[in-house]
Every structure is written in C-alpha cells, then in structure tokens.
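# Observations on the three-dimensional arrangement
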Number of protein chains: 2
Amino acid sequence: MQSGILNINLLNSPEGPRITKEAMLKQHARVIWMCGLSGAGKSTLAILLDKQLSDRGYISQIIDGDMVRSGLNKGLGFSHEDRLENLRRVAEVAKLFVGCGVITIVSFISPTYNARSMAKGVLGEPDFIEVYVNAPLEICEKRDTKGLYKLARNGKIRDFTGIDSPFEPPENPAVEINTGILTVEESAMKLLNFVLPLVGYKKQL
Amino acid sequence: MQSGILNINLLNSPEGPRITKEAMLKQHARVIWMCGLSGAGKSTLAILLDKQLSDRGYISQIIDGDMVRSGLNKGLGFSHEDRLENLRRVAEVAKLFVGCGVITIVSFISPTYNARSMAKGVLGEPDFIEVYVNAPLEICEKRDTKGLYKLARNGKIRDFTGIDSPFEPPENPAVEINTGILTVEESAMKLLNFVLPLVGYKKQL
C-alpha cells in the first residue's frame, strides 16, 4: 500500500476539511470562550447557548473546565503551572472541534491575561471569541453554587480564584455578560444574539 | 442569576445531547480506533475514510497520533508511561467527539493490549471499534514512509514500536485490514464497508 505523500499533503492542510465540514453543517465554527469567576454563571450560560443553538439546527460542543478535570486533565491541580497546562489542553481540543466545523463553547475560569492570551495563540484570533461572564465577587461568593468559596475562605482549598489567586478581568472582551444585573434569560439572550451573526444564520440542518 | 441545579442535571447526562446531535446529523457516532505498526497505513486509511464518509454526508473527525504530538500531547515522549498518557488523552478527546455525535477516526499505533484496553475503558465497549491495520514489519520497514525505521535501526531513536519496543497484535479486532496484501483502494473499501453499517446509512445532510 502506498502512503506518505498523501498523508502529508492532506494532514497539513486542515483548512480543506474544515471548509467542507462547515459547508455541510451550514455554519461557521468559532470558539466561544467564556471566562469569569467561579459562580458567575459560565456553565449555565454554556448549557443554555448549546441548547438554543441546537434548537436552531446548529452543532455545538461544550468544553467545561470542571468536566475535563475528571477526564482529559486528570491529575492536574490548581497551581499556576497546572492551570496553564489545563487551559492549553482545552484550547488544543477546542481547535480540533472548530477544525471539524463545530461551534465550541468553552466554560473556563481562565483567570489571567496570560492564560487567555495563550488560548488565543493556540486558536488564532478570528476563531477565539472572548466572552466575559461578569458578576462581582460578592455575588459569586453569596451564590457559592458548589460550596467552594466557603472552603476557600476556611483555608480548606488553596489558590482559589478571587480569594487567594487573582482574576484579571478582560480589558477588551468581544462581549460582556453582566450576570450580576441581568436575569438568566436576559443573559442567555444577549449571548445568543451576539453569537448568531458570528456562526451564520441558517435553516434547520 | 440562578445557577447550580441546572448545571448538574444537564452536565451529568451527556446521553441527552448526544442523542439529539446524532439525530440532527443523522448518524451514529463511533470511534474507529485504528492500531498498527508505523507505516502500516493507518493515517492514509484515516484520511480516505474521512473523505469517503464526508462524500456521503457524514461528519467525522480524524485524531492522528502524530498530529496531536505537536499539540494536545506536546511534551510527551515515547516511554511506556508517556505513551499511555498520550493514548489516554486521545481517548478522552475521542469521547468528547462521540458525545457530539461525530464519527471519530483515531490513527494511533496503540501497541499493547494494555493501551487498547485503557482506550476501550475510557470510551466504553459499544463505541470503541478496534481496527487492526496489519502489515508485516518487513513491509512497513521497507516503506519507511517517515524514515523512522532507519533512525531506529541506527539507534538514533529509541523505543520504536516493532524494533526495540513491542507491538502486540489485537487478538480479536472488530475488523482487520491487511494492507500488506490489499491495495490502497481495496483497503479503504473494506474499511468503509465495515464502518457504514455501524454509523447508519443516510441521505446527504
């Protein structure tokens, strides 16, 4: 069986398959990268966006920071170094998904400029859409959906973003969703209305 | 913004979104896991299968062992431990893709029973379809598509499968493609004919 030349030519031109797949799916793939404090509502918005896109015939995929910690990123902790490696892998996986024409919804604290800049570097600027899910620390801590703020305040977990690890708000996000002011429905609608033009309108698949 | 309960219920039931997405894509997602020696033709068959599926309206994605080494698995080497971690991550990513309804084509030497058993464990038996791309070492070494066998024989790279690292042939693969005997076209056709019933026939997307 001959081999080699075929591999190299096709494997080195990921653009080809992506364009074909986007055309088949009738959508433009983008990475909707949602950053923000724990409890700001990233996962909730990710799920609602995925559902609303699906209802409109779009194919999307959620990559949730908490979820991949038990799979792809098993064994990584919350040190600065491990967080960056965590994020790097998520960005690489998101890159595979956009290469497949899929709208990729990342829900990931991604606390620092460096972290988000690395993700943008992996994905390329046109595909990396930075969404700031913004709620004040006081509100996130009051919600304390997963009980983690309490543990962090009691010193039972360390390096917790917003408590003893910094969160650097995006300076110029593509869109900001202020979940401290908007309701869930308003937040989800604002996000959807921002995303739809990016991924292209279409009829049902 | 309320949160929490919604997250947990939806995130813990990946079956829901998968069924929806498979229905939208009109296909069943499976992981076509191709193992075999370097030079056996895995990447070539992966590309051809992806293309042939695409021509029939299927959405599929290649995860190629060589390709992910420069991205997702950057920094990992060829020691036994690193190979397993390499494979574990590939299996986790493949799991995300089948969860999105996408037919996932893995091209990965995956040399040992243990390695493939770990992949099967991550993916679950119904989704893990083991394809043995089989060509004798002599033929693979003669082809030496990437010049790696020569380097391995000269001791310039170590732990090379088939030379100084073992390849344990699958005992009971779902299908075996003998690329030492079949032509490229015959090999690709045999693989496609095996895969189509698994992913379901359908009209163009």
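What comes next concerns the included structure. None of the values given here were measured: they were computed from a predicted structure.

What counts and how
Residues numbered from 1 in each chain as written. Chains lettered and ligands numbered in written order. Predicted model: local features only at pLDDT ≥ 70, side-chain atom pairs only at ≥ 80, totals over all residues. Heavy atoms only, no water. Core = buried A, V, L, I, M, F, W, Y, C linked by side-chain atoms within 4.5 Å. Buried < 20%, exposed > 50% of the residue type's maximum accessible area, 1.4 Å probe, protein only. Helix = DSSP H or I, 4+ residues; strand = E, 2+ residues; numbered from the N terminus. Contact = heavy atoms within 4.5 Å. Pairing = 2+ DSSP bridges. Least-squares fit on C-alpha atoms with pLDDT ≥ 70 in both. Salt bridge = Lys/Arg side-chain N within 4 Å of Asp/Glu carboxyl O. Axes fitted to C-alpha atoms, helices over the stretch in contact; angles between N-to-C directions. Disulfide = S-S within 2.5 Å.

### Looking at the nonpolar core
The biggest cluster of nonpolar side chains holds 51 residues, and the ones touching the most others in it are Trp 33 of chain A together with Trp 33 of chain B. Within the residue set of this core, elements represented by two or more residues are helix 2 (15–25), strand 1 (31–35), helix 5 (80–99) and helix 6 (113–123) of chain A together with helix 2 (15–25), strand 1 (31–35), helix 5 (80–99) and helix 6 (113–123) of chain B. With 8 residues, the top contributor of residues to this core is helix 5 of chain B. Once residues lying within four places of it in the same chain are set aside, the contact partners of Trp 33 of chain A are Leu 87, Val 90, Ala 91, Val 106, Phe 108, Ser 110, Ala 119, Leu 123, Phe 128, Ile 129, Glu 130 and Val 131 of chain A.

### Overview of the pairing of strand 1 of chain B
All names here are of chain B. Burial within strand 1 is extensive, with 5 of its 5 residues counted as buried. Every second residue of strand 1 is oriented toward a common face, with Val 31, Trp 33 and Cys 35 on one face and Ile 32 and Met 34 on the other, all of them buried. Direction of pairing for strand 1 relative to strand 3 (residues 103–107): parallel, over a ladder of 4 bridges. Across the sheet, Val 31 pairs through a bridge with Thr 104, a residue of strand 3. Judged from the 5 bridges that link them, strand 1 and strand 4 (residues 128–134) form a sheet pairing that is parallel.

### Some details on the relation of the copies chain B and chain A
Superposition record for chain B on chain A: RMSD 0.0 Å, screw rotation 180°, translation along axis 0.0 Å. In short, the pair behaves as if placed about a two-fold rotation axis. Both copies share a contact surface, since 100% of the interface residues of chain B are interface residues in chain A too.

### A look at the pattern of salt bridges
This model, assessed by the stated rule, comprises 20 salt bridges over all chains. Between Glu 85 of chain B and Arg 89 of chain B there is a salt bridge, with the nearest N and O atoms lying 2.8 Å from each other. Placement of both Glu 85 of chain B and Arg 89 of chain B in helix 5 is noted, with a separation of 4 residues, approximately one turn of the helix. For the pair Glu 85 of chain B and Arg 89 of chain B, a shared accessibility class is recorded, and that class is buried. When salt bridges with common partners are traced through the structure, they connect Arg 18, Glu 22, Arg 30 and Asp 127 of chain A into a single cluster.

### Re the sheet that holds strand 4 of chain B
Residue and element names in this part refer to chain B. Pairing within the open sheet is parallel, and its 5 strands lie in the order 2-3-1-4-5. Unpaired on one side and paired on the other, strand 2 (60–64) and strand 5 (175–178) mark the two borders of the sheet. Sheet twist, expressed as the mean angle between neighbouring strand axes with direction ignored, is 20°. Against the sheet, helix 9 (residues 184–199) contacts strand 1, strand 3, strand 4 and strand 5, and its axis sits at roughly 165° relative to strand 5.

### Describing the state of the cysteines
According to the stated counting rule, one finds 0 disulfides over all chains in the structure shown. Here Cys 100 of chain A is not cross-linked by a disulfide; its sulfur's nearest cysteine counterpart is in Cys 100 of chain B, at 7.4 Å. Free cysteine Cys 140 of chain B: the closest other cysteine sulfur is in Cys 35 of chain B, separated by 12 Å. The exposure class of Cys 140 of chain B is buried, given its relative accessible area of 0%.

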